[in-house]
Amino acid sequence: MKKSALQKARAAYQPKLPAVLTGGVKAVEGRPTQSVADQAAIKELFPNTYGLPELHFEKAGDTLAGKPLNVGVILSGGQAPGGHNVISGLFDGIKKINPESRLYGFLMGPGGFVDHKYMELTAPIIDEYRNTGGFDIIGSGRTKLEKKEQFDKGLEILKELGITALVIIGGDDSNTNAAVLAEYYKAINAGVQVIGCPKTIDGDLKNDLIETSFGFDTATKVYSEVIGNIQRDCNSSKKYYHFIKLMGRSASHIALECALQTQPTFCIISEEVEAKNMTLAQIVDEIATVIADRAAAGMNFGTVLIPEGLIEFIPAMKALIAELNDLLAKNAEEFAAVPHHGQRQYIIDHLSKDNAEVYASLPEGVARQLSLDRDPHGNVQVSLIETEKLLSEMVGKRLKEMKAEGKYVGKFSPMHHFFGYEGRCADPSNFDADYCYALGFNAACLIEAGVTGYMSSVRDLTKPASEWIAGGIPVTMMMNMERRHGEMKPVIQKALVRLDGRPFRMFAEQRAEWAKGVCFIYPGPIQYFGPSEVCDQPTLTLRYEHE
Ligand code: FBP
């Protein structure tokens, strides 16, 4: 395969490891753990893996050494920069433990595990992918691993290949499934450990011990670069309002980090919308007021950042989506048989009165997007809902009314963007390259320590990589019970933006200034080589959370 000059140079980058992982290690147990909520229910569902202690590694001896390990690895869900480095770290870790160790990659996500599609990952293959973005080394998929038959079918191939440990690299839902699988294999004495790795650009898989999911750093830097470029353009021609939707599912971490990096004219944070119980009309009014004030000062341009999950956080919409999820899960077959033109009416007829009214009031396109297929985890596919167009349309309408009332004098020309896929496969930043490599190497150490149902944890991430703490967190510790597909299920609690957290407070302190003037920052592209303050900065979210 032909490579770019940067790819060639980047292949030579040696990711940094925490000092503790550079020699032999011993696992030190901390306190027994409890789930974040619903302890009794989670304990009952995970009798073999509930309450395990936190672990951290300490140095013990000069080198890692052990019996050969046969390990399987799965990439699950949406791509996130650094996945290849998790795999190369895992590969190097198990080879360091014993050069006879072997790594097998299951193809196209959990589906490959169930269908026995795999390849052995050898040194030449791994070397091709070091420090590159994407998940194309083995592919990824969204098959939900949740049924006993899938677990049993997967176990057949594990036995055939002599695999005694499986590493699942995924987001909250995939790590939830990893925990269920770990519990099942432990219960039937299958002799297979299951270890998770925290992946997702969304940044919503985090807690005190998992400081950030990998990929968030790179993805937000890529989006911030492009937002910065748009802002320069905007400030040059001074004639457009850019409505920019940003990926991130329910949580607004990506929008918030990009706002801190670029200082846009306006940024919506879904969690705040929910806390203030705001309606769509109120959000529209706020944006229109900012635009009118700027017009009065002679500025008819700016940027508006919109988190992709916004719709779900507007309380009336949230109630509607929750009922829609249940309705579409329960009546899936009946709904599928309804002709296309009758589906809107079918939904209106089957919803409760209040929700039916909200649904009926939505523009046709948005209403349709809400009733489209859920992803395999039962989530609305928020990335398909064109909130940026919905909002700019409504803002345009509001500005017309304001003009008629003599409250607006400007010209409103909106442009629309959606940034998501552009950032998910970028070459990992130095931070993600190091963090991911450490997560993978650390997963090898967790396997060697003989544990199961743990997530690889590398922390103290604002310090230099050599000082990072490495260890494992029991996945059950992050769980609570939530309603999915109409049923209560154990799931890892999503970390949403905290309004009392420092990143949001920093944003809230500055946003009035940003709305009034031109405070744009143009961060430019990720730098891989050069001074550390340019190349090795973690996200502002992480920095503020640590300060
Ligand atoms: P994960 O939760 O699997 O990491 O996916 C992240 C994400 O990029 C979301 O931000 C986005 O809503 C979704 O994937 C898009 O899904 P798809 O890749 O199936 O289009």
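Scoring rules and cut-offs
Residues numbered from 1 in each chain as written. Predicted model: local features only at pLDDT ≥ 70, side-chain atom pairs only at ≥ 80, totals over all residues. Heavy atoms only, no water. Helix = DSSP H or I, 4+ residues; strand = E, 2+ residues; numbered from the N terminus. Buried < 20%, exposed > 50% of the residue type's maximum accessible area, 1.4 Å probe, protein only. Contact = heavy atoms within 4.5 Å. Near = heavy atom within 4 Å. Polar contact = N/O pair within 3.5 Å; in protein donor to acceptor, adjacent residues only side chain to side chain. Areas by Shrake-Rupley, 256 points an atom, 1.4 Å probe, with all protein chains shown as cover. Nonpolar A, V, L, I, M, F, W, Y, C, P; charged D, E, K, R; others polar. Axes fitted to C-alpha atoms, helices over the stretch in contact; angles between N-to-C directions. Parallel < 35°, antiparallel > 145°, perpendicular 65-115°, else oblique. Left-handed = near helix turned anticlockwise from the far one by under 90°. Pairing = 2+ DSSP bridges. Salt bridge = Lys/Arg side-chain N within 4 Å of Asp/Glu carboxyl O. Phe/Tyr/Trp six-rings, centres within 6.5 Å; stacked < 30°, edge-to-face > 60°. Expected span 1.5 Å × (residues − 1). Arc of directions from axis to C-beta.

Caption draft 1: Looking closely at the overall build of the chain. The helix and strand inventory of the chain stands at 23 helices and 15 strands. In terms of principal-axis extent, the alpha carbons of the chain reach across some 80 × 60 × 45 Å. Buried positions account for 59% of the 547 residues belonging to the chain. A separation of at least 24 residues holds for 78% of the contacts in the chain among residues at least 6 apart in sequence.

Caption draft 2: Expanded view of the site of the ligand. As a structural note, the neighbourhood of the ligand is formed by 14 residues, with G78, T200, D202, E308 and Y421 the closest of them. Between an oxygen atom of the ligand and a side-chain N or O atom of R249, the distance comes to 3.1 Å. The fraction of the free accessible surface of the ligand (480 Å²) that becomes covered by protein chains is 85%. Here the residues of the shell around the ligand sort into three nonpolar, five polar and six charged.

Caption draft 3: Geometry of the packing of helix α9 (residues 253-262) against helix α21 (residues 502-516). As a packed pair, α9 and α21 sit with axes 10 Å apart at the nearest point and diverge in direction by 50 degrees. Between α9 and α21, the interaxial angle falls into the category oblique. Crossing handedness for the pair α9 and α21: left-handed. Taken together, the residues of α21 that come into contact with α9 (itself represented by L256, A259 and L260) are P503, F504, M506, F507, Q510 and W514. Looking at the contact of α9 with α21, its residues break down into eight nonpolar, one polar and no charged.

Caption draft 4: Structural context of the pairing of strand β14 (residues 479-484). Summarising the sheet, β14 and strand β15 (residues 487-492) pair through six bridges and their orientation is antiparallel. Along β15, the bridge assignment pairs R483 with M488. If you look at the hairpin formed by β14 and β15, you'll find two residues sitting between the two strands, and H485 has a positive phi there, around 50 degrees.

Caption draft 5: Looking closely at unusual backbone geometry. One non-glycine residue with positive phi stands out, namely N131, at about 60 degrees. Along the chain, N131 falls in the loop between α5 (123-129) and α6 (148-161). The phi dihedral of R249 falls on the positive side, at around 55 degrees, and the residue is not glycine. Among the structural elements, R249 can be located in the loop between β8 (241-246) and α9.

Caption draft 6: Examining the pattern of salt bridges more closely. Considering all chains together, one arrives at 30 salt bridges under this definition. Residue K144 is joined to E146 by a salt bridge in which the shortest nitrogen-to-oxygen separation is 3.8 Å. By relative accessible area, K144 is classed as buried at 17%. D202 serves as the salt-bridge partner of R249, at 3.7 Å between the closest nitrogen and oxygen. Placement of R249 in the loop between β8 and α9 and of D202 in the loop between β7 (193-198) and α8 (216-237) is noted, with a sequence separation of 47 residues between them.

Caption draft 7: Layout of the packing of aromatic side chains. In this structure the tally under the stated criterion is 15 aromatic pairs. Between F106 and F113 the ring centres are 5.4 Å apart and the planes differ by 80 degrees, which places this aromatic pair in the edge-to-face class. Residues F106 and F113 agree in their burial class; the two are buried. Among the aromatic side chains, those forming a connected cluster through ring pairs are Y104, F106, F113 and Y118.

Caption draft 8: Representation of α6 in the model. The end-to-end C-alpha distance of α6, which contains 14 residues, comes to 20 Å, matching closely the 20 Å that a straight helix rising 1.5 Å per residue would cover. Considered for burial, the residues of α6 that qualify are Q150, F151, G154, L155, I157, L158 and L161. One side of α6 holds all its buried residues, which, seen down the axis, span an arc of 165 degrees. Along α6, exposed side chains directed more than 90 degrees from the buried face belong to E149, K159 and E160. On the buried face of α6, the contacting elements are β3 (70-75), β4 (102-106), α4 (110-114), β5 (118-120), β6 (165-170) and α7 (172-187). A positive phi of about 65 degrees marks G162, the residue just after α6.

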